[in-house]
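Structure at a glance
Here's the letter readout for the chains.
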Amino acid sequence: MDFEISIPTDSEGYFSLQCPHCKERFKITAEDFEDDDTIELFCPSCGLIAECSDFYPEEVIEHAQTIARNYMEQEIYNVFKNGTKGSGLTFEGKKPKEEKPKFLIEDEDLEEIELDCCDKTIKVKMNQKIANVYCPFCGVN
């Protein structure tokens, strides 16, 4: 079963990512994230590298897990609600209550910076903007 989850962007087309190592947040454009050449990213804060999918923020993962759990519980209920014919087994479970997935919103609180090395822009927290920032695409500091 495939599920499609829309991740919102901010007003300028950036969406949040979260480093799997240091948990710091930053933003890149949806276009850059979806580019076939973008296989791994460097964290702008700690400089460590990971696969792009490892940078999804915790709330996006929780959202996806809730959707999957709702689907699984409904499928289990549907299989057993009428019992299993000829087995003598009965099922007295209640229809599962669907849990509402976490509402995904995008904040506007990060500052845009230009990265000369890759000719791209990202958004980071103001205190990161002052410090050295690693390029998410090539790792240059």
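A few points on the structure. Keep in mind it's a predicted model, so treat the numbers as computed, not measured. (Residues numbered from 1 in each chain as written. Predicted model: local features only at pLDDT ≥ 70, side-chain atom pairs only at ≥ 80, totals over all residues. Heavy atoms only, no water.)

Considerations on the nonpolar core
The biggest cluster of nonpolar side chains holds 19 residues, and the ones touching the most others in it are Leu17, Ile28, Phe33, Leu41, Phe55, Ile122 and Phe137. Only β1 (14-18), β2 (25-29), α1 (30-34), β5 (111-115) and β6 (120-124) provide two or more residues apiece to this core. Setting aside its immediate chain neighbours within four residues, Phe137 contacts Ile28, Asp32, Thr38, Leu41, Phe42, Leu115, Cys118, Lys120 and Ile122. (Core = buried A, V, L, I, M, F, W, Y, C linked by side-chain atoms within 4.5 Å. Buried < 20%, exposed > 50% of the residue type's maximum accessible area, 1.4 Å probe, protein only. Helix = DSSP H or I, 4+ residues; strand = E, 2+ residues; numbered from the N terminus. Contact = heavy atoms within 4.5 Å.)

With respect to the side chain of Lys27
Mapped onto the secondary structure, Lys27 falls in strand β2. Judged by relative accessible area, Lys27 falls into the buried class, the value being 0%. A polar contact of 3.2 Å, which involves the side chain of Lys27, links it to the side chain of Asp10. (Polar contact = N/O pair within 3.5 Å; in protein donor to acceptor, adjacent residues only side chain to side chain.)

Observations regarding the packing of aromatic side chains
The geometry of two aromatic rings is summed up by the distance between their centres and the angle between their planes. The final tally for this structure, using the stated rule, is 3 aromatic pairs. Ring geometry for Phe15 versus Phe33: centroids 5.1 Å apart, planes at 80°, classification edge-to-face. Taken together, the residues span a long stretch of sequence, with Phe15 in strand β1 and Phe33 in helix α1 at a distance of 18 residues. Each of the two residues, Phe15 as well as Phe33, counts as buried. A centroid spacing of 5.7 Å and a plane angle of 65° characterise the contact between Phe33 and Tyr56, whose relative ring orientation is edge-to-face. With Phe33 in helix α1 and Tyr56 in the loop between β4 (49-51) and α2 (58-80), this pair connects stretches of sequence that are 23 residues apart. Note on Phe33: relative accessible area 11%, which makes it buried. Between the NZ or CZ atom of Lys120 and the centre of the ring of Phe137, over which it lies, the distance is 5.1 Å. (Phe/Tyr/Trp six-rings, centres within 6.5 Å; stacked < 30°, edge-to-face > 60°. Lys NZ or Arg CZ within 6 Å of the ring centre and 35° of its normal.)

Let's talk about the side chain of Lys123
Examined against the element boundaries, Lys123 turns out to sit in strand β6. A polar contact of 2.8 Å, which involves the side chain of Lys123, links it to the side chain of Asp10. There is a polar contact of 2.6 Å between the side chain of Lys123 and the side chain of Glu12. With residues near it in sequence (within four places) discarded, Lys123 still touches Asp10, Glu12, Tyr14, Phe26, Lys27, Leu110, Glu111 and Glu112.

Things to note about the pairing of β6
Bridge analysis of β5 against β6 gives 5 bridges, and the strand direction is antiparallel. Residue pairing across strands places Glu111 opposite Val124, the latter belonging to β6. Between the end of β5 and the start of β6, which pair antiparallel, lie 4 residues, with Asp119 showing a positive phi angle near 55°. (Pairing = 2+ DSSP bridges.)

Quick word on the pattern of salt bridges
A full pass over the atoms with the stated rule returns 6 salt bridges. Between Asp10 and Lys123 there is a salt bridge whose closest N-O contact spans 2.8 Å. Highlighted residues: Asp10 in the segment before β1 and Lys123 in strand β6, separated in sequence by 113 residues. Across this residue pair, the class does not change: Asp10 and Lys123 are buried. (Salt bridge = Lys/Arg side-chain N within 4 Å of Asp/Glu carboxyl O.)

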